[in-house]
Amino acid sequence: MACKSRRRPCSGLTLTTVSLVLAVCANAVLASSPLVNFAAMGKVGLAGAFAGLDLVTNSSSVTFDPSTSSLLARSADGSLSKIASTNAGGSILAGCAMGDAFYVAGNFSSIGETSASNIASYSISSGSLSSLGSNGPNGAVHALYCDSSRKQVWAGGQFSSPGASVAVWDTTSSSWSAAPFGGLTGAAAEVLSITTNSSQSSLFFSGSFIASFGNSSAPLNSTNNPNVPFSSGATPFSSSLVPVPLQPPDVDAGPSSSDSQFSNVSNILCPAGADGPGNTWLAADGNKAVITVRKFAFLTARGVRLGNTFLNGRGTTGFSVATIPDNAVQRLHYFDPTDNQNKTCTDTCPLLTDSSVPYQDFLFDSDLDITGFQLTLSEWQGAGPGLHLLQLLSSGAFASAIDSQNGPSCFAPGPSTTTRTGTWLEKDADTSIPGTTQAVLVSTVDVGTSSATGPSFTWMPYVSASGQYDINLLVPGCTNFQDCALRTSVKVTVFPGGGQQPWVTTISQQNTQDNATLIYRGPVVPTSPDFQTVVQMQLADNPVGSGQDGKYELVADRVQLVLTSPNVTANSNSSSSSGNSTSATERGFGFLEWPLGASSTSSASSVLPTSSVTALDSIGFDLLNALGGAASVASGSSAPSIAAVAYHSSGAVFLGGRFLLSSGSASGASNIVVFKNGALAALPNGGLNGPVTSLVVDGDKVFVGGSFSDTAQASNSALRGIAAYSVSGNSWSALEGGVDGTVTSLETAGTQVLVAGNFTKLLTSSGASSGQNAAGFAAWDVSSSSWVNSGGFLVGSMTFVGNGTSSTPQFVAGNVATSLRFGASGFVMLENGKDGQPQVTPLGVQFDSTATNASTSTAKTRRSHHRRAGAAGWIPSFNVLSVFKRQTTTTLAPLPNPAPAPAPAVLAGAFWTNSSSSKELVIIGGNFSYTSPSSGAQAQNVAIYDDESRTPNGTVRSLLVRGDSLFVGGEFTVAGIEGSGFAIYDLANQRWDSAGLQPLQATSGASVTVRSITASPASDNVVIVAGSFAQAGSSPCRAICSLDTTSKQWTALGNGIQGDVSAVVNAGNNALIAAGSIALADSTHANVAAYSFSNSTWSSVGNGGDLPGPVTALEIDNGNMDRVFAAGRSSDGSSPFLYFWNGQSWNSVGSTLKDTTEVSQLIMVPLQNTHDGNDVIESDRVLMVSGSLSDSSFGNASSALFDGQTFTPFVVSTSESGTPGTVAALFHSFVNIDFTQRHFLATGVVILISIAIAAGIVFLLALIEILWALFARRDDKVSNFDAADLDADDDSTHRPSSLLEHINAATRSTILGSSAFGPNAEKEAGLAAGAAAGAGAAGAAHDDPFSGPDASNYLRAETPSDALGGALGPEESRPAYARYSFHGEGEGELPVKAGQELEILDDRDDAWWYARDVRTGQEGVVPASYVY
């Protein structure tokens, strides 16, 4: 089809004496195919039986070989496009993006036309592929990580060069190198994933390998809180002690300074700033001062920390400390930085006044159990004593079971915290210290409860620094609490960190007096950056005691850490409970953390220095021990591996793969485990019963993919291939019924989780075998917890999905059999896109394939009204008898079978606007089913679809919307409604409206089938219903009948027809044409017949015998009865046909269509460009032929565009199985299509033309002035003329008084085509405006050449901007509403009703605006005052 752009002829402007010729021609590039103008049709939907769809220009040259691995780009709307494929047998397993490049890796020797060994780069801007050097990985690459900050690409896999299992590509130098740590060997010597922590400061390597760390003399990585300020007056030991949180009510001081800025002693407990107002406390001038601190609770303290003030020469020089409640003055130990000596003092102790020493630590002889202390400031310098800092130091660290007692310590990132499972209640009792009480938490549990299912309590004390600690569990005596009979034993697990094994101790809580039981002794390395360690308590495995009334009681009080040394040495973990020291070499399996800024000359394949150990390397240490040592991880088909790692914002690290842990804190964990609180922990029900391949984190959820069907301890059979784990809820949840195969790769994209793998269906529920077809790729919407349309369509076994760049958000790879750009369950929206190309928006959900399985016919809704929809409730579902059976007679050939439409298929659509919400929705009908993920309501065969939220909420078949009534046709029954095949649904009130409606009735042995519902062109309250039926109620109207929507009464059209009707199209305002297998009432064979509303008669369109057989599709060119198209099949069903009626005869125009063609719809569509016009179709439109097409010129297609001479394939589609799909109908919101084309010149051209016009006018006016002056001088009468004798407004010789008015007047003349200076020209215009708009508007009208009572002098050019030669910019519009009704009976006027929505195209005239009816697309002028 030769298409071209319509052009304006080049024009010139010639003036009398000065000629300016400006020839500006805007020549558009010839288009290769027709550009359909969807904007001229309103909103447009395309329906059919397809799962994937593409425009022919995008897919005609794309083929797939499933023996190769193909890389696809996924755009923001989810559409897919092929990039390249590997060599046969190749695989793509990993990818990452950096800058403009996407790096892709796997096991291949070439990709596209590029030779590349296992890894290549794809330039997104140029679309080209490149290899990465010549010495890249010599084996399969399983993982990639792009480090944008260092411009490096890390590759992991199973190869030996350039490094063992790990290699680095430097994009700056374009070179390969081994990893800084050399490589990873041992076990299977394979890296399966490379991920990072939340700050992207470290890389996590996982797979099957062993990493070793050595050097026993080197210290373990010490962890010290950098927020604790350094002071030479403290020692490493004292600076590691955590201060006891003190609150203002705990402290009292006196006498205080009279200055309010220095009188609040609470300001020095943890000063917010430097020594000064608001951060310092001063005693009253010349007075000794006493500061008293009382906690009124049991606490263990080691000393005090004092920081002096140096304001105005003041400061404390001597003090003493007495503890409470014994009131004993304590001996204090301190370090004197002036002579670097350790010293002691009692009363008085010195406090340095050197400002370079911000504080000094003073320690007791030993840990003391106290409730407070009294500090006496007895000596000072300057006007009096004072302090800048006051803290009570603990014995090391601590955590209470009572959260209110875990206030934040000074300099701590957060307070000590606790977590618990089960029910814990507070209990109070007196303690051994007079005047104090003790609060604890207790939990009761049935005797016989197992440790795993009973309650647990976890303390996470803030620990300021690494060191050697004794950890005690404080257990209050049962005598004070009077619960000795309930007490039993508990199991306590300490997680000391630093790669050390947890310590497990079983202790009895049956002590009668308060007791501190040692539960750990050794090094403690707190986590970073929260500086915590973990102590967990639960019921003992073999609890002691018999309990009371069948109950045990567990008591949670406090955990106390007593610092014994600030030095930590490297000691390996031991499984022995009697000690904490073993060999000097640490080995880890399957996990390695490597800081990106680190470097090393050693190799992890031999021994890495202990200094490179990180806190998370404990994961590898613990895994190796839990798996049973190095012998248990040897290479083999069943050898364990860590395939995926995910880091959660809580600090937890999730690890998935193939393994079963046999010992340690996560003993019994299967295929997935979490590392948190310094140790491995099992997930609920022991993990999963099959290997895990991929992990992604989305908020609180961890999504897990792999090859499993339930938890390890069976609990949820819906966890098939994919599952979600709630971190906060510690629970598993299913993604509906999972998938029916293996998930290989996961990725997050906005609110979606993208799923790739080897599966074919998304299962609906636990144990189900049916569901939505999704062959290899799917998308889960996290917000709605439902599967949604992934955007594109493919059939394959996918191996990878990953995020890309902003221009190409994702990439997908795998073995692809079929792929189309758009995935859609039988429905898409179409609109004009970039460069006039169609823009496709698929259905936002997927329909199930469990609806009626039949060869569904194409029920059409033609010329349906433009409506907007507000989402109403679900439309009750139909009981479908069968789909579009034919009713036949003995004298007429049966209608041919329609194109196959297996479920899910959408066959018809209409638009509806809710009058209350003014929201536009689409109503679709066909052969499908859908279950709402939010309400669980089920829909079948008809649904309301919101194309904004992309969520269907209803169920239909053959459709028409009139007002708030939805007319539904097909072959069905509705519960509670008499009859079948036709029903009315009240959209506003969300109910079926059957009152007073008599049912359609079929002939004996047949069923009612309604194939067409159209609005009557002759009456607003009548619809035309057609199909296969014998009568309507008592009215004997066969095959076609009119329904009065007000009275719900059926009426035959004239004397009726015989046969079956497949399609009805309106022909102007007074006629319609019906097609099918038809004979007139007098038995005249017709197949296409016309009905006239004016004389109520039927007539055959041409000779019925001229058509080869019954007609399945019909179209009239813009209402012209002399231009009719009909398609169908021959009477013997052997061949298709497409015929054209030219007003005289039927002629074949579809001779190239092959025998397999089934035509579902014909519709004339407008173009943005043009083709070579002919006697069949004008140049500004084409006939869109849809169905299942096969043509000798283009092959197979679902829709083609016919220009009267040739077919151009337009849409191709495919079913879920990969076979060709079918397009059933294109429907639109505008009742009338405007085929008029509008073209606009570029802005630059407009400016040039404007300058030319202005220059020409200036020259012309100058010439006129000269001639005027010459003639005036020669005319004595004129020279004697007294201008004052005439009124200025009546001056027939009046001329403009300025150059600007000359130009304006000349412009009016150019536009209006009349003299700007003619007699009374302006006055007459003003009088005309005054007559129409009143005296108040006369002034405006006087200046406006476009005024007039009926807009008769409103000159509307071809475009709104053509007033100056059609050369302004693109048309702009805005929405508006009619304030009053306007009949609009004059030529060029637009009739409107009050409240009607309009689109204002031109509002430059004060009196009349040019507008468009958004429902029908009709344009015309309306009074400006009638619109708001």
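Coordinates for the structure precede this section.
Residues numbered from 1 in each chain as written. Predicted model: local features only at pLDDT ≥ 70, side-chain atom pairs only at ≥ 80, totals over all residues. Heavy atoms only, no water.

Novice: Would you mind showing me how to read the overall build of the protein chain here?
Specialist: In terms of regular secondary structure, the protein chain is built from nine helices and 95 strands. Per-residue burial for the protein chain yields a buried fraction of 55% across its 1428 residues. Within the structure as shown, the protein chain displays about 54,700 Å² of accessible surface, and the carbon and sulfur contribution to it stands at 48%. (Helix = DSSP H or I, 4+ residues; strand = E, 2+ residues; numbered from the N terminus. Buried < 20%, exposed > 50% of the residue type's maximum accessible area, 1.4 Å probe, protein only. Areas by Shrake-Rupley, 256 points an atom, 1.4 Å probe, with all protein chains shown as cover.)

Novice: Quick question: what am I supposed to make of the sheet that holds strand 8 (residues 91–98) here?
Specialist: In a beta sheet, neighbouring strands are held together by backbone hydrogen bonds and run either parallel or antiparallel to one another. Read across the sheet, four strands follow the order 8-9-12-13 without closing on themselves; strand pairing throughout is antiparallel. Lying at the two open borders of the sheet, with one neighbouring strand each, are strand 8 and strand 13 (129–131). Shown here is a sheet whose adjacent strand axes are inclined to one another by a mean of 25°, direction ignored. Sheet topology note: the strand 12 (residues 119–123)/strand 13 ladder contains three bridges and is antiparallel. Note that in strand 13 the partner of Ser121 across the bridge is Ser130. (Pairing = 2+ DSSP bridges. Axes fitted to C-alpha atoms, helices over the stretch in contact; angles between N-to-C directions.)

Novice: Honestly, the state of the cysteines in this entry has me stumped. Any pointers?
Specialist: A covalent bond between the sulfur atoms of two cysteines is what we call a disulfide. Considering all chains together, one arrives at five disulfides under this definition. A disulfide bridge connects Cys478 with Cys484, and the sulfur atoms are separated by 1.9 Å. Residues Cys478 and Cys484 are joined by a disulfide whose S-S torsion is about 90°; by sign, that bridge is right-handed. For Cys478, a relative accessible area of 0% translates into the label buried. (Disulfide = S-S within 2.5 Å.)

Novice: It is not clear to me how the environment of Asp1175 should be interpreted in this structure. Could you clarify?
Specialist: Following the sequence through the fold, Asp1175 ends up in the loop between strand 87 (1170–1171) and strand 88 (1181–1191). For Asp1175, a relative accessible area of 70% gives the class exposed. Linking Asp1175 and Gly1204, residues 29 residues apart in sequence, is a C-alpha distance of 7.7 Å. Apart from the residues within four sequence positions on either side, Asp1175 is in contact with Arg1123 and Phe1140. (Contact = heavy atoms within 4.5 Å.)

Any functional reading would require information that these geometric values do not contain.
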